[in-house]
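Coordinate inspection notes
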Amino acid sequence: MSKPRVAFFDFASCEGCQLQIADLEEEVLDLISIVDVVSFREVMKEHSDDYDIAIIEGSINRPMDEERIKQIREKAKILVALGACAAIGGVNKIRNQWDAENVKKDVYGDAKINDNKYFDVYPTKAVDEVVKVDYYVYGCPINRDEFKKVVTSLVMGKKPEIPTYPVCVECKKNENVCLFELGKFCLGPITRAGCNAICPTNGSPCDGCRGILRKPEIECIQDVLDRYNLTYEEMKNRCIMYNYSKEECKNE
Amino acid sequence: MSKDLSINVHHVTRVEGHGNIVVDVKKGEIKQIQWQVPEAPRFFEAMLRGRHYDELRPITSRICGICSIGHSLASLKATEDALDIKISTQSQILRRLAINGENMQSHILHVGYLAVPDLLGVGSVFPLVGSKHQDALLKIVKLHRISNEMSDLICGRTTHPIRLIVGGFSMVPNKKQLMDLRKKLQDSIKPTKEVAEVILSVADKIPDFTRETEYIGLSSNEEYALYDGYINSTDTGAFKDYKNYTKMMQEYIVPQSTAKYAKHARKSYMVGALARYNLNSKQLHPLAQEVAKMFEFKPICFNPFMNNIAQLVEFVHNIEDSIIQVDKLLKKEIKDEKPIKPKKDSGQGVGVVEVPRGILVHDYTIKNNKCTKANCIIPTNQNHANIQHDMEEFVPQILDKSEKEIELNLEMLVRAYDPCISCSTHYLKVKFV
């Protein structure tokens, strides 16, 4: 069997998730032993339009981007959303609180940019709001081990397993003191695990970058909010950073 | 020369983000040379409106995957300036380590993985596996890993750091971890020198092109400025009124780009490792000075391609400086400190730091703990105009080369700036019509 051909593409993002792959260091060699990387603009000059798996970083901001992602979808047998921007819209969605004209004026002032197609933006969309996504690698940035697991599963033709329980489970396993106890507001109770609770383990609250669980334990959360004298409104406000307008995450 | 040129490089590779180069030559006459940045704009400054001051750091970190530590530090400095927070000496030392770690990982990634393939005549680092340069490649990989491990230790994570918070750190490394780090840094000096030798052996491939321009960066009386200092220019000298940074960095908008451009005393200026080297080379640590000497690299150097060598020199400096900073921490016993609380809930603050690609400014207005207005001046935006003017002067000088060589030379020029277009918005393409 020939190795699957993999291509990386990026849209509106910080490219930090592709950087996690470059940061696999020596393990990149293991990766290229099971797949052929045919396009990866960030690190290589060569490019091919003949690929089996398209890995997408970034969210969709403009009609011109939408056209490009549709063309990629047509060519790819499997499409993977890589990282929070692609998978759930991520921080890019914060600006969806306002319309495009409002944010353009805030950043570019009175400059005449409206007849420039590069600025022709609409409220940003996660990739699955435009084309079908087969698999998701969550996180901002992605977790390198999870990425390796997903690629290995795809090569073996298996469905990658993504946790359906909250970050609290992993946080407890790491024996951390609950951040609510330390007076911090943490989104761990409603956020999909899989990051090994990296933020709480480093003393910082979870910001929900892996997306809100499809069925968050509402009663349990209410209990946490009551115990620490916090409101549902405050929690929703905290959710704006990664999960604006997203009530639940898909594909579980 | 009466040739027509039709080169089309759509999305220059091995750079961060998307950019295009358009060159149109008809019968030897240059019709158009354009550096285009059509990256999808992301509107970060607008996103910050209404966010609590604690969230500004994690949000702005996401401007750029490669310089997320630098954005985090500029953000923290702006917030702390606005809310009158003075961080502890220990935090200041740790933040210097954070910035050294980022400079190291970004520079070795750029020099080793993105720029060196051009000097060795290959399309990426992958073909170097199994070649006579495999040994050098493995050393580069090792140095890159050590840089990332240092950032992981100090910041909790290299890309989108976690421990950097308003008022200090959410967690600090322990003594044993610092001692291990010190050993790793010490052990990386030898392979660094060996990598420098390999680069020196192909340094004749670095194009000999110079164009006089202005260089802007931070300078300090105490040290080779990265975390702190005053704004300085090779044309106009020290500028200590940091809150009026827009006098030094005048941004404007051009039609071919979603990124802003900038100018100061001339039509363009350059920021980054070469600018810092040109301004502050005397303050580099001894080994870094030695590596600069190997390349006969002297300030003021007007060859933008030498930015790669300036990055290599800074990499050595960052290792030496990190050992010094770790020793300071070990001498005083590192301790868990609570972050310093704000003295007020409203104010305007500016944070200026040097990040791998140059001087970076965040400027926030905060009212009742929430951000009402933000402005960020990104290094790569300050370089776009200089790239454009370099191209205009470089193309006529290389017009007798083959189309392929011209294309490669222009791509190398762009790559030498190590543009981070995600930061500045994001996009790049060379098109010889």
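Residues numbered from 1 in each chain as written. Chains lettered and ligands numbered in written order. Predicted model: local features only at pLDDT ≥ 70, side-chain atom pairs only at ≥ 80, totals over all residues.

When its secondary structure is counted, chain B shows 13 helices and 14 strands. Over its C-alpha atoms chain B spans a radius of gyration of 21 Å, differing by no more than 12% from the 22 Å that the globule rule assigns to 433 residues. Taken along its principal axes, the extent of the C-alpha atoms in chain B is 70 × 45 × 35 Å. In chain B, the proportion of contacts linking residues at least 24 apart, taken out of those at least 6 apart, comes to 75%. (Helix = DSSP H or I, 4+ residues; strand = E, 2+ residues; numbered from the N terminus. Rg over C-alpha atoms; globule rule 2.2 N^0.38 Å. Contact = placed C-beta atoms within 7 Å.)

Moving on: the overall build of chain A. A count of helices and strands for chain A gives 10 helices and 5 strands. Relative to a compact globule of 252 residues, whose C-alpha radius of gyration would be 18 Å, chain A shows 19 Å and is just as compact. Taking the principal axes of its C-alpha atoms as reference, chain A extends roughly 55 × 50 × 30 Å. For chain A, with 252 residues in total, the buried portion stands at 45%. Here the contacts in chain A between residues at least 6 apart in sequence split such that 75% fall between residues at least 24 apart. (Buried ≥ 20, exposed ≤ 12 C-beta atoms within 10 Å, placed from the backbone.)

With that out of the way, let us pick up the confidence of the model for chain B. Atom-level detail of predicted coordinates should not be read off regions where pLDDT is low. Considering every residue of chain B, the mean pLDDT works out to 90; 93% of them sit at 70 or more. Contacts of residues 424–433 of chain B to residues separated by more than four positions or lying in other chains number 71 contacts, the stretch itself having pLDDT below 50. (pLDDT = per-residue confidence, 0-100.)

Turning next to the pairing of strand β3 (residues 53–57) of chain A. Successive side chains on a regular strand alternate, one facing one side of the sheet and the next facing the other. Residue and element names in this part refer to chain A. Most of β3 is tucked away: 5 of the 5 residues are buried. Two elements, strand β1 (residues 5–10) and β3, share 5 bridges in a ladder whose sense is parallel. Paired with V6 across the bridge in β3 is I53. Here 5 bridges tie β3 to strand β4 (residues 78–82), and the two strands are oriented parallel to one another. What sits directly across from E57, in β4, is L82. (Pairing = 2+ DSSP bridges.)

All names here are of chain B. For the pair helix α2 (residues 53–61) and helix α3 (residues 68–82), the least separation of the axes is 8 Å and the interaxial angle reads 155°. Judged on the interaxial angle alone, α3 and α2 are roughly antiparallel. Taken as a pair, α2 and α3 cross one another with a handedness that is right-handed. Counting all contacts with α2, which are made through Y53, L56, R57, T60 and S61, the residues of α3 involved are S68, H71, S72, S75, L76 and T79. Of the residues in the contact of α2 with α3, the class split is 3 nonpolar, 7 polar and 1 charged. (Axes fitted to C-alpha atoms, helices over the stretch in contact; angles between N-to-C directions. Parallel < 35°, antiparallel > 145°, perpendicular 65-115°, else oblique. Left-handed = near helix turned anticlockwise from the far one by under 90°. Nonpolar A, V, L, I, M, F, W, Y, C, P; charged D, E, K, R; others polar.)

Moving on: the sheet that holds strand β2 (residues 36–39) of chain A. For sheets, the rule is that strands pair by backbone hydrogen bonds, running either parallel or antiparallel. Residue and element names in this part refer to chain A. Pairing in this open sheet of 5 strands is parallel, and the strands run β2-β1-β3-β4-β5 from one edge to the other. Strands at the two margins of the open sheet, each flanked by one partner only, are β2 and β5 (135–137). Within the sheet, the average angular offset between the axes of one strand and its neighbour, ignoring direction, is 25°.

All names here are of chain B. Across the sheet, which stays open at both edges, the 3 strands sit in the order β11-β12-β13 with antiparallel pairing between neighbours. Where the open sheet ends on each side, the last strands, each with one partner, are β11 (347–355) and β13 (370–377). Each strand axis lies, on average, 15° off the axis of its neighbour in the sheet, ignoring direction. Bridge count between strand β12 (residues 358–367) and β13: 7 bridges; the pairing is antiparallel. Counterpart to D363 in the pairing with β13 is N375. Helix-sheet contacts for α3 involve β11 and β12, and the interaxial angle to β11 is about 150°.

Bringing the interface of chain B and chain A into the picture now. Note on interface size: it is often stated as the accessible area lost on association of the parts. In this complex, chain B contributes 45 residues to the contact, which on the side of chain A involves 47 residues. Where the side of chain B that touches chain A is concerned, the elements lending two or more residues are α1 (44–47), α2 and α5 (134–155) of chain B. Residue contributions to the side of chain B that touches chain A peak at 4 residues, all from α5(B). In terms of residue class, the side of chain B that touches chain A is made up of 20 nonpolar, 16 polar and 9 charged.

Here the focus is helix α10 (residues 232–243) of chain A. Buried within α10(A) are the following residues: R238(A), I240(A), M241(A), Y242(A) and N243(A). Considering only its buried residues, α10(A) is in contact with α4 (83–88) of chain A together with α2 of chain B. Phi turns positive, to about 65°, at S245(A), one or two residues after α10(A).

Residues and elements named next belong to chain A. Partitioning chain A into domains gives domain 1 (5–156) and domain 2 (167–243). Put simply, the middle of domain 1 and the middle of domain 2, counted by C-alpha atoms, are 26 Å apart. Contact residues are listed per partner, giving 11 residues for domain 1 and 10 residues for domain 2. Per element, the largest residue contribution to the side of domain 1 that touches domain 2 is 3 residues, and it comes from α4. Its residues assigned to classes, the side of domain 1 that touches domain 2 comprises 7 nonpolar, 3 polar and 1 charged. (Domains from an automatic or database assignment.)

This part covers the packing of helix α6 (residues 175–187) of chain B against helix α10 (residues 307–332) of chain B. Residue and element names in this part refer to chain B. Two numbers describe how α6 lies on α10: the axes approach to 10 Å, and their chain directions differ by 155°. Viewed along their axes, α6 and α10 adopt a mutual orientation that is roughly antiparallel. Of the two possible hands of crossing, α6 and α10 adopt the one that is left-handed. Across the interface between the two elements, K175, L178, M179, L181, R182, L185 and Q186 from α6 touch I319, S322, I323, V326, L329 and L330 from α10. Looking at the contact of α6 with α10 residue by residue, the classes come out as 9 nonpolar, 2 polar and 2 charged.

What follows is about the nonpolar core. In this structure, I56(A) and V313(B) are the most contacted members of the largest nonpolar core, which totals 191 residues. Counting residues per element, this core draws most heavily on helix α4 (residues 89–120) of chain B, which supplies 12 residues. Here this core spans two domains, and each of domain 1 (5–156) and domain 2 (167–243) of chain A adds at least three residues to it. Apart from residues no more than four positions distant in its own chain, V313(B) is found in contact with Y277(B), L284(B), A288(B), V291(B), A292(B) and F297(B). (Core = buried A, V, L, I, M, F, W, Y, C linked by C-beta atoms within 7 Å.)

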